[in-house]
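Single-letter residue listing:
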Amino acid sequence: MKIKKLSNQFLLNYILIILLILAIGSLGYYMYVSYNRSLDDFYGIDIDLFLEDYARDGLSHALSTQAFQEGDYVLTLTPDREIIETTTDQYEIGYRFDEIELQELLYGEDYYSYIVFYNEDYSKLFVMYTVYVDYGYAHITTIFGLAIVLFILLAIGFANYTSNQILRPILKLVNGVQKIGHGDYTTQIEFDASNELNILKTEINLMAEKIQLETEKRQETEEKRKQLIRDISHDVRTPLTNILGYSNQLIQKNDFTSDSQKQSIEIIHQYGTAANHLISELFDLSRLEINEDSFERKETDISEWLRLKLIDYINEFEQKNIAYDFQIPDQAILVAINDLYLQRLVDNLLINAMKYNETDLSIYVELKEEEDHYKLIIADNGIGIPKELHQKIFDPLVRVETSRNRSLGGTGLGLSIVKQVVDKHGWTIELLSGHEGVFFRGCTFEICMPR
Ligand code: ADP
C-alpha cells in the first residue's frame, strides 16, 4: 500500500477547514447580495436606472422602464418637502409636508410600502409607494436552511474522516499495545489507514508475532530439557541397577572364586564402564553447550591435518576389511580449527560408520573447495538412518531404536557432540541419504565451512 504522510493528512485537513470557511463566507456574501436584490425585487424598482432615466427624460419616462403596478405612485419633493411632481391624485402639486407628517407617513403602519431616496445632487427627494408583494424572503430562508444542513453534514463527514484516519487508528494501537503488554502475543491490531500509523501497526504486529514465536521456542526448549533429564536418569539407572543387583549377589554369597561370581564381576565392570562412558560424554557435551572452554581455534592446513588423521585409521580399516576412498586435495586449505574437538568430530563419525555397519562396508572421505566454502564429506554405505530421524538425530540421546543398538552400548550423544563442535566453529552439518548421498545408501554427513 502506498503510504501517505501524516503531515500531508494534516495539511489536507487544514485545506478542508479553509475551504469550509470560504464556503461559509461565500454563502454569507451570496445571502447578503440576494437580500439586497430581493429588496429591489420587492419594490419592483431599480433605483439607479430610475435616477438615470429621470435626469435624462423626466419622471414619466423614468417610470415607464420600472415594473410599476396598479396603485403604486411617486412623489417628487424639494428638500424642504414641497411636492413638485406627483403621479397620484391623493396629493397635489405645491402641497408641503411638515416634518412630522412626512415621518409618520414614511415610518408609520405602511412602512414596508415606501422607498425614499434623493437624486445625485440632493436637490430632489423621491417618495415611492408600491404595493407590498412578499416574494423575496421565501427562497432565502430555504437556501439558508439547506446551507445549515449541508454544513452540519460536512462537519460530521469531516470529523468522521479525521477520526478514521488518525484518532481511531491511535485508539486501536493503544488497545493492541495494552493487550500485548498483558502477555497476549497473539494480538493482531487491525485497521485501514494509509499513513505512518499503518507502518507502526505492521511493526507492532510483527513484534508481537516474534515474541509469540520466541515464547513458543522457549517452551519447546524447556520441554526438551525436561525430556533430556528424564532420558538421562533412565539411561544412568539401567547400568546402576545392574551393578547394584550383581554386587549384592556377590556380597550375599560371599564367595569370589567360582566361575559364576567371576562372570558377575565382569558384568559389573561392563555396566560400570557403560555408565562411566555415558557420564563422561554428557560432561563433554554440556561443557561444549555452556561455553565453559574458550574454544580456541588455530589456522591450520586441514588437508594435511585430515591426511594425518586418516592414516591412524588405515590399519583398523584393513583389519576389518573395510574398503576406503579418501579424496584430499594436495594444496593447503587454511581453516581455523580447534584441533581436539575436530578430532572428536571425525572420530565420532568414523567410529559410528564402523560400529553400526558390519559387512561389506565402504567408507568415503572427501575435502573439497567450493565457491564460498570448503566441504568435508564423511560417508558410508551401511544401513543408514531413517529419513524421519534426519532432523532429530543430532539431538542428545536420540538413537535409532534397535536391539542391536542397545547391545552396541551407544549413548546417543555422539552426533550431538559432532553438532556442537560444528556449531562452535560456525559451520553447518547435514545428513544426506539415498540419491543425495555418496553411495545411494548409508549415511553421508556433509560439513560446510564458510571461507
Ligand atoms: P552413539 O553415541 O550412541 O553412537 P550417536 O548420536 O552417534 O549415538 O548416533 C545416534 C544413532 O544414529 C545411533 O544410535 C545409530 O543408530 C545411528 N547412527 C549414527 N551413525 C550411523 C551410521 N554411520 N550408520 C548407521 N546408523 C548410524
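Refer to the structure above for everything that follows.
What comes next concerns the included structure. (Residues numbered from 1 in each chain as written. Predicted model: local features only at pLDDT ≥ 70, side-chain atom pairs only at ≥ 80, totals over all residues. Heavy atoms only, no water.)

A count of helices and strands for the protein chain gives 11 helices and 11 strands. Expected size for 451 residues packed as a compact globule is a radius of gyration near 22 Å; at 54 Å, the protein chain overshoots this value by more than 25%. With the C-alpha coordinates aligned to their principal axes, the bounding extent of the protein chain is approximately 170 × 60 × 40 Å. Counting only residues that meet the buried cut, the protein chain has 37% of its 451 residues in that class. Within the protein chain, residue pairs in contact and separated by at least 24 positions form 61% of the contacts whose partners lie at least 6 positions apart. Where the 41 positive side-chain charges of the protein chain centre and where its 70 negative ones centre are 18 Å apart. (Helix = DSSP H or I, 4+ residues; strand = E, 2+ residues; numbered from the N terminus. Rg over C-alpha atoms; globule rule 2.2 N^0.38 Å. Buried < 20%, exposed > 50% of the residue type's maximum accessible area, 1.4 Å probe, protein only. Contact = heavy atoms within 4.5 Å. Lys, Arg positive; Asp, Glu negative; His and termini not counted. Charge placed at Lys NZ, Arg CZ, Asp CG, Glu CD.)

Our next topic: the nonpolar core. Formed by 51 residues in total, the largest nonpolar core has its most connected members in Leu 306, Leu 345, Leu 350, Ile 363, Val 365, Ile 447 and Met 449. By residue number, the principal contributor to this core is helix H9 (residues 339–356), which donates 8 residues. If you look at the next biggest cluster of nonpolar residues, it comprises 13 residues, including Leu 75, Leu 102, Leu 106 and Leu 125. (Core = buried A, V, L, I, M, F, W, Y, C linked by side-chain atoms within 4.5 Å.)

We now examine the sheet that holds strand S8 (residues 362–369). The mixed open sheet is built from 5 strands, whose spatial order is S6-S8-S9-S11-S10. At either margin of the open sheet sits one strand with a lone partner, and together these are strand S6 (323–327) and strand S10 (428–432). Neighbour-to-neighbour, the strand axes of the sheet open up by a mean angle of 10°, direction not taken into account. Pairing between S10 and strand S11 (residues 444–450): 5 bridges, direction antiparallel. Paired with Leu 432 across the two strands is Thr 444, which belongs to S11. (Pairing = 2+ DSSP bridges. Axes fitted to C-alpha atoms, helices over the stretch in contact; angles between N-to-C directions.)

Once that is clear, we can look at a nonpolar patch on the surface. Residues Leu 11, Leu 12, Ile 15, Leu 16, Ile 18, Leu 19 and Leu 22 make up a contiguous nonpolar surface patch of about 620 Å² in total accessible area. Look at Leu 11 and you get partly exposed, because its relative accessible area is 48%. (Patch = residues over 30% accessible without salt bridge, like charges linked within 9 Å, V, L, I, M, F, W, Y side chains within 5 Å. Areas by Shrake-Rupley, 256 points an atom, 1.4 Å probe, with all protein chains shown as cover. Salt bridge = Lys/Arg side-chain N within 4 Å of Asp/Glu carboxyl O.)

Here H9 is 18 residues long and its end C-alpha atoms lie 26 Å apart, about the 26 Å a rise of 1.5 Å per residue gives. Residues of H9 that are buried include every one of Tyr 341, Leu 342, Arg 344, Leu 345, Val 346, Asn 348, Leu 349, Leu 350, Asn 352, Ala 353, Met 354 and Tyr 356, and no others. N-capping of H9 is provided by Asn 338, with a side-chain oxygen placed 3.3 Å from the backbone N of Leu 340. (Expected span 1.5 Å × (residues − 1). Polar contact = N/O pair within 3.5 Å; in protein donor to acceptor, adjacent residues only side chain to side chain.)

Quick look at unusual backbone geometry now. The backbone phi angle of Tyr 122 is positive, close to 55°, even though this residue is not glycine. As for its placement among the helices and strands, Tyr 122 is situated in the loop between strand S3 (114–118) and strand S4 (125–129). Overall, Tyr 122 belongs to the exposed group, its relative accessible area being 56%.

Moving on: the environment of Phe 445. By the element assignment, Phe 445 lies in strand S11. By relative accessible area, Phe 445 is classed as buried at 6%. Once the C-alpha coordinates of Phe 445 and Lys 419 are considered, the two residues, 26 residues apart in sequence, prove to be 11 Å apart.

Strand order in this open sheet of 4 strands is S2-S1-S4-S3, and the pairing throughout is antiparallel. Bordering the open sheet on either side are strand S2 (83–86) and S3, each of which pairs with just one other strand. For this sheet the average axis-to-axis angle between neighbouring strands, irrespective of direction, equals 20°. Pairing of strand S1 (residues 73–77) with S2, which is carried by 3 bridges, proceeds in the antiparallel orientation. Counted as the bridge partner of Leu 75 is Thr 86 from S2. Packing of helix H2 (residues 47–57) onto the sheet brings it into contact with S1, S2, S3 and S4, and relative to S3 it is tilted by some 55°. Packing of helix H4 (residues 99–107) onto the sheet brings it into contact with S1, S3 and S4, and relative to S3 it is tilted by some 130°.

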